Amino acid sequence: MALFGVSLFTLFSLLLIALFPSLCFAADPSVFYDLRLSYITASPLGVPQQVIAVNGKFPGPLINSTTNDNVNVNVHNDLDENLLMTWSGIQMRRDSWQDGVLGTNCPIHPKSNWTYQFQMKDQIGSFFYFPSLNFQRASGGFGPIIINNRVIIAIPFAQPDGDITITIGDWYIQNHTALRSALDAGKGLAMPDGVLINGKGPYRYNNTLVPDGIEYETIQVDPGKTYRVRVHNVGISTSLNFRIQNHFLLLAETEGYYTSQQNFTSLDIHVGQSYSFLVTMDQNASSDYYIVASARFVNESLWQRVTGVAVLRYSNSKGPATGPLPDPPNDIYDKSWSMNQALSIRQNVSASGARPNPQGSFHYGQINVTQTYVIKTVPPEIINGTLRTTLNGISFVNPDTPIRLADKYNVTGAYKLDFPDQPLNRTPRVDRSVINATYKGFIEIIFQNNDTVMQSFHVDGYSFFIAGMGTDEWTVDSRSRYNKWDAISRSTTQVFPGGWTAVLISLDNAGVWNIRTENLDRWYLGQETYMKIINSQENGATEMDKPENVLYCGALQYLAKDQNNSAGSVLRGNSKLLFTLLVAFFALINISS
């Protein structure tokens, strides 16, 4: 009978190996999420409209993970158009195949699903996800991401008593398809209809400016406790000033890096940016308190009604919030206050991040720059009869076949490796021009904003050091103003109109990575490119191969299979089968004994 038991065990083991070659029991744990994107009707500003929900929620649910977790997110597309999800600030180490933008992924078709599989490798902090195609973020589809520290790594502050997530953003009553059609017709976006906080409209702080019947957000807290408040600007194009009445915002982290802690009464948060604050509930709770997100760098008299207002409610509150909102910064169009505030945000060089070594041990200011790119933006202009936006005179059109997939299958003509390292005196054009970057290089990028609006720029796959900002035209002499010691590292930076922002990036993450404006209208009209960073001596250690469930499109459409057979759905199906087999196996063991 013992031999029979051993035979059963051997047979069962061989069966597992045959059935589940992709299953690995690694040291790093795995977490699983299903995200189903669909249309629902909501009335965030009191008017019924179509929004994009995730699992029936607007905004979508939290993805909660820990450093080095292997994350599996099965995305179901119940929309009526193609979909991709991107994970803003998640570096996808060595794995741009999971990045979720058209230069790296074929789209998920309607009524199909696809499983993203990536690792939160050596990251901590506050991020968010959103749909990257077709202006869809203007209708929703976004939600927060938290990467927690491992318990063995200390955080540089006392453990908070709770965690609060807040999404803020400008909002239109028209859905994304209507806004997209306006852009396609050569029209600019009008003033937004409001600002949402956690997907809800403003508390009625003013009976004239705010109509009755709008649902607003209420955040419940306990007196004396300190909360980590994570704030994400998930909006379309508007910079917002965030503040909580009578409370200090102790800045602690931004997009994965701990900051030198300092108190703010308010902070400008630009499109695509994420921050976390430590907020202590130290007031007497004579009433509730306002939470405010108001527009910046706009005509204040016109924009006064475009203000997001939520309520902070102590558990012992004695009544509703009343009276005027806390004042915004008193500079209106003056950029100096906001720029000085941004430059005051410094890295905590004594704190550990995702690893036990100090974050500041990387002495970026002592590294020689291997290449400089000056990337200039200008206002939208007509190219080939259509309104477009450009970077260095090039309006980007996404390739039919994603860049790395085209490389893998030797598809020629999918893109060009000729993005200019400075603005050229030539007629603007539509093209598929990509930066040919050098693996292990140390690159300097200057975003020169000659547009009339505040912009945010984001780089996928990386965090960068914000070395400097200015309100003028960048020159080589501007380098004398760089912070070469404790500049904050992050993935999204503001660039003031008429000004510049310089960032430094260590190119240690092989793959193809999107560089884009986070202003959705400018992005939709062509203001993006990619960096191709390939190790010429690639041996599999510096870049992962395409995933087993890779989607095909463009010149490789003939290779496409049923998208519903995603790796995640197969894994979940195998897990159920594995459970059944285990039950049968132990039953046989009992019989054999």
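Predicted model, so just to flag it, every value in this text is computed and none were measured.

(A) Inspection of the overall build of the protein chain at higher detail. A tally of regular secondary structure across the protein chain gives seven helices and 33 strands. When burial is assessed residue by residue, the protein chain has 57% of its 593 residues classed as buried. For the protein chain, restricting intrachain contacts to residue pairs at least 6 apart in sequence, the fraction spanning at least 24 positions comes to 79%. Approximately 23900 Å² of the protein chain is accessible, and the part contributed by carbon and sulfur atoms is 52%.

(B) Region of interest: the sheet that holds strand E3 (residues 63–66). Pairing is mixed in the open sheet, where four strands are placed in the order E3-E8-E7-E5. This sheet does not close on itself; its edge strands, each paired only once, are E3 and strand E5 (85–88). Mean inter-strand twist for the sheet, computed between neighbouring axes without regard to direction, equals 25 degrees. By the bridge criterion, four bridges tie E5 to strand E7 (residues 125–131) in an arrangement that is antiparallel. Directly across from tryptophan 87, in E7, lies its bridge partner tyrosine 129.

(C) Molecular detail of the pairing of strand E11 (residues 218–221). On E11, burial follows the alternation: Ile219 and Val221 on one face are buried, whereas Thr218 and Gln220 on the facing-out side are not. One ladder, built from four bridges, connects E11 with strand E19 (residues 307–314); its direction is parallel. Among the inter-strand pairings, glutamine 220 is bridged to a residue of E19, identified as arginine 313.

(D) Region of interest: the sheet that holds strand E17 (residues 274–280). Reading across from one edge, E10-E9-E12-E17-E14-E15 is the order of the six strands in this open sheet, with mixed pairing throughout. This sheet does not close on itself; its edge strands, each paired only once, are strand E10 (194–197) and strand E15 (257–264). With direction set aside, neighbouring strand axes in the sheet form an average angle of 25 degrees. Two elements, strand E9 (residues 162–171) and E10, share four bridges in a ladder whose sense is antiparallel. From the neighbouring strand, aspartate 170 faces E10, where its bridge partner is valine 195.

(E) Representation of the confidence of the model for the protein chain within the structure. Mean pLDDT for the protein chain: 90, with 88% of residues reaching 70 or above. When the criterion is pLDDT under 50, residues 1–26 qualifies, and its contacts beyond four places in sequence or with other chains add up to 21 contacts. Here residues 565–593 is modelled with pLDDT under 50, and outside its nearest four sequence neighbours on either side it reaches 39 contacts, counting other chains as well.

(F) Local environment of the pattern of salt bridges. Within this structure, the stated rule accounts for 28 salt bridges. A salt bridge links lysine 376 to glutamate 473, with the shortest nitrogen-to-oxygen separation between them at 3.3 Å. Of the two residues, lysine 376 is situated in strand E20 (residues 371–377) and glutamate 473 in the loop between strand E28 (464–470) and strand E29 (489–490); the sequence distance between them amounts to 97 residues. Take glutamate 473: its relative accessible area is 41%, and that puts it in the partly exposed class. Taking the shortest distance from any N to any O, the salt bridge between arginine 429 and aspartate 431 comes out at 3.0 Å. Aspartate 431 gets classed as buried once you look at its relative accessible area, which sits at 10%. A cluster of three or more residues bridged by salt bridges with shared partners is formed by Arg137, Asp460, Arg516 and Glu518.

(G) Main features of the side chain of serine 433. Inspection of the secondary structure puts serine 433 in the loop between strand E24 (429–431) and strand E25 (435–438). Separated by 2.7 Å, the side chains of serine 433 and aspartate 418 make a polar contact. Residue contacts for serine 433: discarding those within four places in its chain leaves Ile394, Phe396, Lys416, Asp418, Phe419, Pro420 and Thr529.

Rules and cut-offs
- Residues numbered from 1 in each chain as written.
- Predicted model: local features only at pLDDT ≥ 70, side-chain atom pairs only at ≥ 80, totals over all residues.
- Heavy atoms only, no water.
- Helix = DSSP H or I, 4+ residues; strand = E, 2+ residues; numbered from the N terminus.
- Buried < 20%, exposed > 50% of the residue type's maximum accessible area, 1.4 Å probe, protein only.
- Contact = heavy atoms within 4.5 Å.
- Areas by Shrake-Rupley, 256 points an atom, 1.4 Å probe, with all protein chains shown as cover.
- Pairing = 2+ DSSP bridges.
- Axes fitted to C-alpha atoms, helices over the stretch in contact; angles between N-to-C directions.
- pLDDT = per-residue confidence, 0-100.
- Salt bridge = Lys/Arg side-chain N within 4 Å of Asp/Glu carboxyl O.
- Polar contact = N/O pair within 3.5 Å; in protein donor to acceptor, adjacent residues only side chain to side chain.

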